[in-house]
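# Structural overview
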Amino acid sequence: MKRIAVAGFQHETNTFAPTLAGYADFEEADAWPGLLRGGDVLRGLKGINIPITGFADAASAAGGYEIVPILWCTAEPSSYVTSDAFERITGMILEGIAGAGELDGIYFDLHGAMVTQDHEDGEGELLRRLRHVIGSDLPVVVSLDLHANVTPQMVEHASAINIFRTYPHIDLADTGVRAFASMQRLLTAGTLRKAFRQSPFLVPLTAQHTGSEPCRTLYASLERLEGETLFSADIAMGFPPADIFHSGPSLVAYAGTQGDADSAADTLLQSLLDAENRFDDRLQSPEDAVAEAMAHTGPRTVVIADAQDNPGAGASSDTTGLLHALIAGGAQGAVLGLLNDAEIAAKAHEMSIGAEFPALLGGKSGQQGQVPFKGRFRVEAVGDGEFTFAGAMFGGITAKLGAMAVLRVLDTSADVRVVIGSTRCQCLDQAIFRHLGIEPAEQRIVAVKSSVHFRADFEPIADKILVVEAPGAHPCRLDNITYRNLRPGVRLGPGRRPHLWAGGRSA
Ligand SMILES: [Zn+2]
């Protein structure tokens, strides 16, 4: 019986976002379960499409493996993870592993873009400390998000890395299955040689959709490359709203010989370089998008993506730029979700359905350039925020989003409703609207605070998808960003100008 310890510690850090991630943010349930320890890890995550569940299920199906669960936690993307949270959670993981008895391997379900108040490379620091405890020989397999900013330190300390191959991420459990295959390979045939390459240009999230070119072809090439000489290869598209030295796309390759790993990595890097001018990082103005949506005569919904206020990339999810544009553009049959304003959601719950009240909606998270939407609203529906996601990404997970409400904007000729929530949650699943009695496919315009993940559940009902540049803390026009820590020479988006200044970490 081989004994494998498993643990997960997930955070995607947007260093431009307004709020930190403290210990309580990892402890609490939101769209994901709260912090789980020991036997609760596998029980609490059973049946959920995430890597650690895929890994454990694959081990169970293979037989001959004992899984020793240590800890799993995640927090909604935000700015830096506090030192307190990082030290406490890392401490619990390392103590758990040190006390787990004789182990044959360790599997980590990590994101790969964690920046803490003290460490630009949270996962690399976690793995460095792990090696300090367990030494250099024990196999350590790591799975990462497609948005990982992979670093040389992560590659050095992990025996193998597997990365999601879909965005929207629908292959999370499958990535865990591939990580288990990496573990089996390491336990039966010994060390894998590794190669790591980094891209000389960044790619914003809006251009990373794996259903569009060039990502579709790049990702499809991975399975073809794997075979006799190459054990595995993966591409991370990176998480560019992280002002760190190693921000950006990268790739890893693992093979029995260094030559084969290097050769595969060079081939993949060349494919990425050749594809540079095919990444489309353009965004539409909210005003143009609303006009285009209103001019659309097809039978199905037009989806407008408020990509820069995507809480799944660390934004506040309470900006009102797109809402203002919907009203000013006279939008009809429009609904916008999910705008995070706990104060207004609570106020709506105190009232009866049909009640009307004046309010300042959204725009309260203190981000520069944000303004609340000042108006009168009618309460059309309320909900307790507890429902089950049904889309391909989160399907089966129970949401605990707190008080929610549907408010109709009054005193305007526009026909616009807003879905309000009390917890930041990316609008990537139709269940968010259905919880409040709104059927997305019956709306003329559905506006979502999401960059790409919404496509998994909303593309099937949409005639047209428009991605807009409204205010938000998830910048998608990278050449407008002032990076201080990024390595010099990296281009700020495909075909864009290079970053020239490395001025050191800002306060
Ligand atoms: Zn991701």
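Residues numbered from 1 in each chain as written. Predicted model: local features only at pLDDT ≥ 70, side-chain atom pairs only at ≥ 80, totals over all residues. Heavy atoms only, no water.

### Examining the sheet that holds strand 5 (residues 140-144)
Taken in spatial order, the six strands line up as 2-3-1-4-5-6 in an open sheet, and their pairing is mixed. Edge positions in the sheet fall to strand 2 (36-37) and strand 6 (160-163), since each has one partner strand and no second. The sheet contact formed by strand 2 and strand 3 (residues 65-74) spans two bridges and is antiparallel. Note that in strand 3 the partner of arginine 37 across the bridge is leucine 71. On the sheet, helix 5 (residues 122-134) packs against strand 1 (2-10), strand 4 (105-110) and strand 5 and is oriented at approximately 165° with respect to strand 4. (Pairing = 2+ DSSP bridges. Helix = DSSP H or I, 4+ residues; strand = E, 2+ residues; numbered from the N terminus. Contact = heavy atoms within 4.5 Å. Axes fitted to C-alpha atoms, helices over the stretch in contact; angles between N-to-C directions.)

### Regarding the coordination of the zinc ion
Around the zinc ion, the protein supplies Asp145 (OD), Asp145 (OD), His147 (ND1) and His169 (NE2) as donor atoms, at distances of 2.0 to 2.7 Å. Taken in sequence order, the residues that donate to the zinc ion follow the motif D-x1-H-x21-H. With histidine 147 in the loop between strand 5 and helix 6 (152-157) and histidine 169 in the loop between strand 6 and helix 7 (172-189), this pair connects stretches of sequence that are 22 residues apart. We note that histidine 147, like histidine 169, is buried. (Donors = N, O, S within 2.8 Å, 3.2 Å for Na, K, Ca; no water. Buried < 20%, exposed > 50% of the residue type's maximum accessible area, 1.4 Å probe, protein only.)

### Quick word on the pairing of strand 1
Counting buried residues in strand 1 gives seven out of nine residues, a clear majority hidden from the surface. By the bridge criterion, nine bridges tie strand 1 to strand 3 in an arrangement that is parallel. Along strand 3, the bridge assignment pairs glycine 8 with tryptophan 72. Sheet topology note: the strand 1/strand 4 ladder contains six bridges and is parallel. Each residue of the ladder has a partner; that of valine 6, found in strand 4, is tyrosine 107.

### Things to note about the packing of helix 4 (residues 83-98) against helix 5
Where helix 4 contacts helix 5, the two axes come as close as 11 Å, and the packing angle between them is 30°. Comparing the axis directions of helix 4 and helix 5 gives the class roughly parallel. In terms of crossing hand, the pair formed by helix 4 and helix 5 is right-handed. Contact residues: Phe86, Glu87, Thr90, Leu94, Ile97 and Ala98 in helix 4; Gly122, Glu125, Leu126, Arg129, Leu130, Val133 and Ile134 in helix 5. A per-class count over the contact of helix 4 with helix 5 returns eight nonpolar, two polar and three charged. (Parallel < 35°, antiparallel > 145°, perpendicular 65-115°, else oblique. Left-handed = near helix turned anticlockwise from the far one by under 90°. Nonpolar A, V, L, I, M, F, W, Y, C, P; charged D, E, K, R; others polar.)

### Observations concerning the environment of glycine 64
In this structure, glycine 64 sits in the loop between helix 3 (51-62) and strand 3. Residue glycine 64 is classed as partly exposed on the basis of its relative accessible area of 39%. For the pair glycine 64 and arginine 278, spaced 214 residues apart in sequence, the C-alpha separation works out to 46 Å. Discounting residues that sit within four places of it in the chain, glycine 64 has contacts with Met1 and Lys2.

### Remarks on helix 11 (residues 321-328)
Burial analysis of helix 11 places six of its eight residues in the buried class, which makes it a mostly covered element. Regarding helix 11, the residues found buried are Gly321, Leu322, Leu323, Ala325, Leu326 and Ile327. Remark: glycine 330 follows helix 11 within two positions and exhibits a positive phi of approximately 65°.

### As for the packing of aromatic side chains
For the structure shown, the criterion picks out 14 aromatic pairs. For the pair phenylalanine 9 and phenylalanine 86, a centre-to-centre distance of 6.1 Å together with 25° between the ring planes defines the contact as stacked. With a gap of 77 residues between them, phenylalanine 9 in strand 1 and phenylalanine 86 in helix 4 connect regions that are remote in the sequence. There is no split in this pair, since phenylalanine 9 and phenylalanine 86 are both buried. Ring centres of tyrosine 65 and phenylalanine 180 lie 4.9 Å apart, and the angle between their planes is 80°; on these two criteria the pair is classed as edge-to-face. (Phe/Tyr/Trp six-rings, centres within 6.5 Å; stacked < 30°, edge-to-face > 60°.)

### Things to note about the domain arrangement of the chain
Taken as a whole, the chain is organised into domain 1 (1-191), domain 2 (194-281 + 477-507) and domain 3 (286-468). A straight line from the C-alpha centre of domain 2 to that of domain 3 covers 32 Å. For the pair domain 2 and domain 3, the summed buried surface comes to about 490 Å²; carbon and sulfur atoms form 72% of the total. If you sort the residues of domain 2 by the area they bury against domain 3, Leu205, Thr206 and His209 come out on top, with a joint share of 74%. Here domain 2 is connected to domain 3 by zero salt bridges. Counting every contact that joins domain 2 to domain 3 gives zero residue pairs in polar contact (both at pLDDT 80 or more). Among the residues making up the side of domain 2 that touches domain 3, the classes are represented as two nonpolar, two polar and one charged. (Domains from an automatic or database assignment. Buried area = accessible area lost by both parts, 1.4 Å probe. Salt bridge = Lys/Arg side-chain N within 4 Å of Asp/Glu carboxyl O. Polar contact = N/O pair within 3.5 Å; in protein donor to acceptor, adjacent residues only side chain to side chain.)

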